[in-house]
Amino acid sequence: MSLLLNIEKRNAVLKRMAILIQEQAVNLITANTEDLNAYDGGDLAMADRLKVDEAKISGMIQSLEELASQPDPIGVERYAFTHENQMQVSNRTAPFGTVMIIYESRPDVTIEAAGIAFKSGNKILLKGGKESLRSNLVLVELWHQALEENECSKNWVTYLNYSRQETQDFLGNPDQKIDLIVPRGGERLIQFVKAHANCPVIVSGRGNNFLYVAKTADTQMATDIIVNAKIAKISACNALDKVLIDKELPNKEAFVSELINTLKDQQVAIYSDKAISQHGDTEVITDENIWEEEFLDYKIVLGETSGLEDSIERINIHSGGHSATIITSDQEEASLFMESVDSAAVYHNASTRFTDGGQFGLAGELAISTDKLHQRGPLGLTHLVTNKWYIKGNGQTR
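Chemist: What exactly am I supposed to notice about the overall build of the chain here?
Modeler: Counting its secondary structure elements, the chain contains 13 helices and 16 strands. For 398 residues, the compact-globule formula gives about 21 Å, and the C-alpha radius of gyration of the chain, at 23 Å, lands near that figure. Each principal axis of the C-alpha atoms in the chain carries an extent, and together these give about 75 × 60 × 35 Å. Looking at the chain residue by residue over its 398 residues, the buried ones come to 51%.

If you want it as structure tokens, here you go:
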């Protein structure tokens, strides 16, 4: 591992990257168009994540500029203690060392996640999917240009253009020390990495997010939030998949009927239990395993629930531990829901689509962790660090 770059160097590289991306936007979009034309997987979410347009380029630039403006996450003192023998003991944040990011389809990860890892003082190994190779190579070349222009080694950002077998071999027997691996993708990718890695892995897990419409809910608010959370970006892990509706909701039949019609107008396929199917045209569930699925598609499941306790239990059994929301005007009920649901992000009267590093004020995210160690939810600058102890003495022995 190279010596830690000072914060001025790290910020200079990030600022230069923002300028280079703006200057090379046409070349990036051209390379991405070639990736899109070559992609024939038929996965709607994958194709959406693969696309780079002007909005995504603006997002990359904004993320880099915000990262450059953030305080240095390294060397922050978390604890201090003076020993009785006058030794000075402190605990401070420190880089992990080398972080490997394995991801599918999304070229913006090459900027956002790598930028967070770099600002946090880490060396980055990027393993993108073959479907986004052309886009990623353009971006990595810009990383190298920004590093070299600021007299930094290109080894701070390395792209691993490996096949699946080569990746498996590398994970099992890497040619360098890897301190942390973050897989960003579906269940198959996560299980593949966990099966072959020989170092800590932070799981950026599946969504399968739930929304509970309580009996005191504002039904228009509920409809608006459900539609937003479902269709605003179906490829996002913070999209909504399941809706639980309290059986004691006033005017439940009218609400459900209107909700079904609204979702159908948005081309959403609707599955439901038998109780809900009585109030509209849905496909009745025949396989209960559907409650476990993350769709990443224009699909949703509606189900009736007997109340708050039942809803919390069902969410904790079936969800991916990502995001869950309650629609209610009862503050006490909302508090109990938020305290009891075992998800990384819990909401009251708001869309799950806000579970995002940028939306939470983190200047982007490395990933959204559904693990509980060492950090949960969006991983930003202040989270992509470990710590170490500093002890200063003048000859003390024990």
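Chemist: What am I meant to see in the packing of helix H1 (residues 7–23) against helix H4 (residues 54–69) here?
Modeler: How two helices pack is summed up by the angle between their axes together with the distance between the axes. Two numbers describe how H1 lies on H4: the axes approach to 8 Å, and their chain directions differ by 160 degrees. Judged by the inter-axis angle, H1 sits roughly antiparallel to H4. In this structure, the crossing between H1 and H4 has a hand that is left-handed. Across the interface between the two elements, Asn11, Leu14, Lys15, Met17, Ala18, Ile21 and Gln22 from H1 touch Ile57, Met60, Ile61, Leu64, Glu65, Leu67 and Ala68 from H4. For the contact of H1 with H4, the class distribution of residues is 10 nonpolar, two polar and two charged.

Chemist: Any chance you could explain the packing of aromatic side chains here in plain terms?
Modeler: On inspection of all chains with the given rule, the structure shows six aromatic pairs. One aromatic cluster is present, built from ring pairs that chain together Phe118, Trp143 and Trp156. The ring of Tyr390 has Arg92 lying over it, and the distance from NZ or CZ to the ring centre is 4.2 Å. The aromatic ring of Phe192 is capped on one face by Arg164, whose charged end is 4.2 Å from the ring centroid.

Chemist: Just to check I follow, could you spell out empty space enclosed by the protein for this structure?
Modeler: It is a probe the size of a water molecule, rolled over the atoms, that shows where empty space is left. Applying the stated criterion to the full structure yields one cavity of 30 Å³ or more. Quantified by volume, the largest cavity comes out at close to 30 Å³. As for the largest cavity, its lining consists of Lys230, Ile234, Ala236, Cys237, Ala239, Asp241, Glu294 and Leu296. Here the residues of the lining of the largest cavity sort into five nonpolar, no polar and three charged.

Chemist: Can you walk me through the packing of helix H2 (residues 25–38) against helix H6 (residues 133–149) in this structure?
Modeler: Where H2 meets H6, the axes come as close as 7 Å, and the angle between the chain directions of the two elements is 160 degrees. By the angle between their directions, the pair H2 and H6 is classed as roughly antiparallel. Relative to H6, H2 is oriented so that their crossing is left-handed. In contact with Leu28, Ala31, Asn32, Glu34, Asp35 and Ala38 of H2, H6 contributes Leu133, Arg134, Ser135, Val138 and Leu139. Of the residues assigned to the contact of H2 with H6, the class counts are six nonpolar, two polar and three charged.

Chemist: Mind showing me how you'd approach the sheet that holds strand S4 (residues 123–127) here?
Modeler: Whether parallel or antiparallel, the strands of a sheet pair through hydrogen bonds between backbone atoms. With parallel pairing, the four strands of this open sheet are ordered in space as S5-S4-S3-S6. Edge positions in the sheet fall to strand S5 (157–159) and strand S6 (180–184), since each of these pairs with one other strand and no more. Adjacent strand axes in the sheet meet at a mean angle of 20 degrees when their direction is disregarded. Pairing between strand S3 (residues 98–103) and S6: five bridges, direction parallel. The residue of S6 that forms the bridge with Met100 is Ile181. Those strands touched by helix H7 (residues 164–172) are S3, S4 and S6, and its axis lies near 155 degrees from that of S3.

Chemist: What exactly am I supposed to notice about the nonpolar core here?
Modeler: Soluble globular proteins tend to bury their nonpolar side chains together. Ile21, Ile101, Leu126, Trp143 and Leu366 are the most contacted members of the largest nonpolar core, which totals 47 residues. Considering each element in turn, this core owes the most residues, seven residues, to helix H5 (residues 109–119). By size, the runner-up hydrophobic cluster in this structure holds 23 residues, among which are Ala217, Ile226, Val227 and Ile260.

Chemist: What is the right way to read the pairing of S6 from this model?
Modeler: Walk down a regular strand and you will see the side chains alternate between the two sheet faces. Extensive coverage of S6 is indicated by the burial of five of its five residues. Residues Leu180, Val182 and Arg184 of S6 are buried on one face, and the alternating residues Ile181 and Pro183, pointing to the opposite face, are buried as well.

How each quantity is defined
- Residues numbered from 1 in each chain as written.
- Predicted model: local features only at pLDDT ≥ 70, side-chain atom pairs only at ≥ 80, totals over all residues.
- Heavy atoms only, no water.
- Helix = DSSP H or I, 4+ residues; strand = E, 2+ residues; numbered from the N terminus.
- Rg over C-alpha atoms; globule rule 2.2 N^0.38 Å.
- Buried < 20%, exposed > 50% of the residue type's maximum accessible area, 1.4 Å probe, protein only.
- Axes fitted to C-alpha atoms, helices over the stretch in contact; angles between N-to-C directions.
- Parallel < 35°, antiparallel > 145°, perpendicular 65-115°, else oblique.
- Left-handed = near helix turned anticlockwise from the far one by under 90°.
- Contact = heavy atoms within 4.5 Å.
- Nonpolar A, V, L, I, M, F, W, Y, C, P; charged D, E, K, R; others polar.
- Phe/Tyr/Trp six-rings, centres within 6.5 Å; stacked < 30°, edge-to-face > 60°.
- Lys NZ or Arg CZ within 6 Å of the ring centre and 35° of its normal.
- 1 Å grid on protein atoms, 1.4 Å probe; cavity = no way out; pocket = protein on both sides within 12 Å on 5 of 7 lines; lining within 4 Å.
- Points joined across faces, edges and corners; volume = space filled by probe spheres on them.
- Pairing = 2+ DSSP bridges.
- Core = buried A, V, L, I, M, F, W, Y, C linked by side-chain atoms within 4.5 Å.

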